Amino acid sequence: MLLIKCPWCGERPETEFHYGGEAHIERPENPEALSDEEWANFLFMRSNVKGLFRERWHHSNGCRRWFNVLRNTVSHDILAVYRMGEKPPVIEPAEENR
Amino acid sequence: MGKFEHWHSPFEGQENLFSDALKAQPFTAQVNLRGNPDDGVFNGWVKDSLDLELPLEPNRISEGKGCKALWLGPDEWLVIGSDEGLASDLSSPPDGLHSAVTDVSANRVILELSGPHARDVLSKSCELDFHPRVFGTGMVVQTLLAKSQAIIEQVGGDRYHLYVRNSFARYVAEWLSDALLEFQ
Ligand SMILES: [Zn+2]
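Just so it is clear, the model here is predicted, and its values are computed rather than measured.

1. Considering the overall build of chain B
- Helices and strands together make up the secondary structure of chain B, namely four helices and 10 strands.
- What you see in chain B, going N to C, is helices and strands ordered as β-β-α-β-β-β-α-β-β-α-β-β-β-α.
- Its C-alpha atoms put chain B at 55 × 40 × 25 Å along the principal axes.
- For chain B, long-range pairs separated by at least 24 residues make up 60% of all intrachain contacts whose partners lie at least 6 apart in sequence.
- Within the structure as shown, chain B displays about 9000 Å² of accessible surface, and the carbon and sulfur contribution to it stands at 49%.
- Charge centroids of chain B, computed over 15 positive and 27 negative side chains, lie 5 Å from each other.

Here it is in structure tokens:
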């Protein structure tokens, strides 16, 4: 079980949250200008990182807010939590290799 | 006779679930209030309407005259009061104010869990820490209680109010009365 620190409510058990997939995926400005392949890439294709991954979580059984988490997909270490619209924090290489 | 006269408790015929340690609270007016707490107009309107300062710190409550507000989110509160006119107190926001008022009185029932083993029973039913070093009177959390969505408020030394969904109320009350058995 992960303990996730909601940016508002504080540390809560994973069972209070829902996972929202990869963060910082921007909707294309002009979807009608994309090929089918480009559109499918935007809709369905996600990176499958071994290491640091920026992802969205929803505090669905708490304050019901979305936020971002920077998690190491190998160790499950959560290195940072930041609100929607905030820039992802810069992580020093030494920490990245944890 | 008000609009609550048609409300039926989900516990009718279930009085055997209750004891000194677990009680159903009488019907209470509940209003979900949303707005921007950084907006002075919003704050002023709430203060004038309810005589209440909204809690801005997460997981806190604040009390006004005849009502109180529970923090639910950074722009969301649950206002509780015994007066069924609570929602109408908030029925005329200033022009152009971005806010929402929803009467949710029938959404949740309130159970009171109290006594020397109240915290033990909560710990059996919920993953959060209710030890006095991190939780106390005047604090509130939205979480899962016996896997069902609930709001848990500490109203006194060993007294907790549990706001549970109407449709889950019987299940939660049965769970809690069972959890209390080992302490009786
Ligand atoms: Zn939260």
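2. A short note on the side chain of S62 of chain B
Residue and element names in this part refer to chain B.
- Mapped onto the secondary structure, S62 falls in strand β3 (residues 61-63).
- Judged by its relative accessible area of 14%, S62 is buried.
- A polar contact of 2.5 Å, which involves the side chain of S62, links it to the backbone oxygen of E53.
- S62 has contacts with L52, E53, L54, P55, K68 and A69, leaving out every residue within four places of it along the chain.

3. Remarks on the sheet that holds strand β3 (residues 18-22) of chain A
Residues and elements named next belong to chain A.
- Pairing is antiparallel across the open sheet formed by four strands, whose spatial order is β3-β4-β5-β6. The open sheet has two edge strands with one neighbour each: β3 and β6 (78-83). Direction aside, the axes of adjacent strands within the sheet are offset by 30 degrees on average.
- Relative to strand β4 (residues 52-58), β3 runs antiparallel, the two being bridged by three bridges. Bridging from a neighbouring strand, E22 pairs with E55 of β4.

4. Section: the coordination of the zinc ion
All names here are of chain A.
- Around the zinc ion, the protein supplies C6 (SG), C9 (SG), H59 (ND1) and C63 (SG) as donor atoms, at distances of 2.0 to 2.5 Å.
- The coordination sphere of the zinc ion comprises four donor atoms, whose angles at the metal cover 101 to 118 degrees; the geometry is tetrahedral.
- Taken in sequence order, the residues that donate to the zinc ion follow the motif C-x2-C-x49-H-x3-C. Taken together, the residues C9 in the loop between β1 (3-6) and β2 (10-13) and C63 in the loop between β4 and β5 (66-72) connect sequence positions 54 residues apart.
- For C9, a relative accessible area of 9% gives the class buried.
- You can call C63 buried: its relative accessible area is 0%.

5. Points about the domain arrangement of chain B
Residue and element names in this part refer to chain B.
- Considered domain by domain, chain B is made up of domain 1 (15-26 + 107-181) and domain 2 (29-103).
- The straight-line distance from the C-alpha centre of domain 1 to that of domain 2 is 24 Å.
- Each side of the interface is counted separately: domain 1 has 11 residues, and domain 2 has 10 residues.
- Of the roughly 960 Å² buried where domain 1 meets domain 2, counting both sides, 55% is carbon and sulfur surface.
- The largest contributions to the domain 1 side of the interface with domain 2 come from M139, V140 and Y163, which together make up 42% of the buried area.
- For the pair domain 1 and domain 2, the interface holds one salt bridge.
- With a closest N to O distance of 2.9 Å, K68 and E153 form a salt bridge.
- Where domain 1 touches domain 2, the interface holds five residue pairs in polar contact (both at pLDDT 80 or more).
- Going through the elements one at a time, β7 (108-114), β8 (140-145) and β9 (148-156) are the ones with two or more residues in the side of domain 1 that touches domain 2.
- When the residues that make up the side of domain 1 that touches domain 2 are grouped by side-chain class, the tally is seven nonpolar, two polar and two charged.

6. Digging into helix α3 (residues 118-125) of chain B
Residues and elements named next belong to chain B.
- Those residues of α3 that fall on the buried side of the exposure criterion are A118, V121, L122 and S125. Projected onto a plane normal to the axis of α3, the buried residues spread over an arc of 100 degrees and lie on a single side.
- Buried-residue contacts for α3 involve β7, β8, β9, β10 (159-165) and α4 (169-180).

About the cut-offs
- Residues numbered from 1 in each chain as written.
- Chains lettered and ligands numbered in written order.
- Predicted model: local features only at pLDDT ≥ 70, side-chain atom pairs only at ≥ 80, totals over all residues.
- Heavy atoms only, no water.
- Helix = DSSP H or I, 4+ residues; strand = E, 2+ residues; numbered from the N terminus.
- Contact = heavy atoms within 4.5 Å.
- Areas by Shrake-Rupley, 256 points an atom, 1.4 Å probe, with all protein chains shown as cover.
- Lys, Arg positive; Asp, Glu negative; His and termini not counted.
- Charge placed at Lys NZ, Arg CZ, Asp CG, Glu CD.
- Buried < 20%, exposed > 50% of the residue type's maximum accessible area, 1.4 Å probe, protein only.
- Polar contact = N/O pair within 3.5 Å; in protein donor to acceptor, adjacent residues only side chain to side chain.
- Pairing = 2+ DSSP bridges.
- Axes fitted to C-alpha atoms, helices over the stretch in contact; angles between N-to-C directions.
- Donors = N, O, S within 2.8 Å, 3.2 Å for Na, K, Ca; no water.
- Tetrahedral: all angles 85-135°; square planar, octahedral: opposite > 155°, others 65-115°.
- Domains from an automatic or database assignment.
- Buried area = accessible area lost by both parts, 1.4 Å probe.
- Salt bridge = Lys/Arg side-chain N within 4 Å of Asp/Glu carboxyl O.
- Nonpolar A, V, L, I, M, F, W, Y, C, P; charged D, E, K, R; others polar.
- Arc of directions from axis to C-beta.

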